[in-house]
Amino acid sequence: MPNKKINICSECGSEYFKLKSKMQALCPECTHVLYGYETCKHIFINGRCSKCFWNGKQSDYIKLLKNQMNMPD
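Residues numbered from 1 in each chain as written. Predicted model: local features only at pLDDT ≥ 70, side-chain atom pairs only at ≥ 80, totals over all residues. Heavy atoms only, no water.

Draft legend 1. The arrangement of the side chain of Thr-39 in detail. In this fold, Thr-39 is placed in the loop between α1 (28-35) and β3 (44-45). Judged by relative accessible area, Thr-39 falls into the buried class, the value being 18%. A polar contact of 3.2 Å, which involves the side chain of Thr-39, links it to the side chain of Glu-29. Setting aside residues up to four positions removed in sequence, Thr-39 forms contacts with Pro-28, Glu-29 and His-32. (Helix = DSSP H or I, 4+ residues; strand = E, 2+ residues; numbered from the N terminus. Buried < 20%, exposed > 50% of the residue type's maximum accessible area, 1.4 Å probe, protein only. Polar contact = N/O pair within 3.5 Å; in protein donor to acceptor, adjacent residues only side chain to side chain. Contact = heavy atoms within 4.5 Å.)

Draft legend 2. Focus on the packing of aromatic side chains. One pass over the full model with this rule turns up 2 aromatic pairs. Between the aromatic rings of Phe-17 and Phe-53, the centroid separation amounts to 5.0 Å while the plane-to-plane angle is 20°, which identifies the pairing as stacked. Of the two residues, Phe-17 is situated in strand β2 (residues 15-17) and Phe-53 in the loop between β4 (48-49) and α2 (60-68); the sequence distance between them amounts to 36 residues. The class of Phe-53 is buried, set by a relative accessible area of 16%. Where Phe-44 meets Trp-54, the ring centres are 5.8 Å apart and the plane angle is 55°; that geometry is what we call tilted. In this pair, Phe-44 is assigned in strand β3 and Trp-54 in the loop between β4 and α2, connecting sequence segments 10 residues apart. Residue classification places Phe-44 among the partly exposed positions, given a relative accessible area of 41%. Its end group placed over the ring of Phe-17, Lys-4 keeps NZ or CZ at 4.8 Å from the ring centre. One Lys or Arg, Arg-48, reaches over the ring of Phe-53 and ends 4.2 Å from the middle of that ring. (Phe/Tyr/Trp six-rings, centres within 6.5 Å; stacked < 30°, edge-to-face > 60°. Lys NZ or Arg CZ within 6 Å of the ring centre and 35° of its normal.)

Printed below as a string of structure tokens:
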């Protein structure tokens, strides 16, 4: 992961590659659920997305929103 800056999502607590998100403090998954931004097409390898580094964590609020919108986990 050289030269890939990692942030921690303020909503779900997952690490993510800073340049893969449209918002500075949220991972691509949370920006998608909360604000409708396009999300990463996740490819998980060893528990992390190889594209954005998200680990699949979801806050209770994100889970609630996804359930209300009938979005897959």
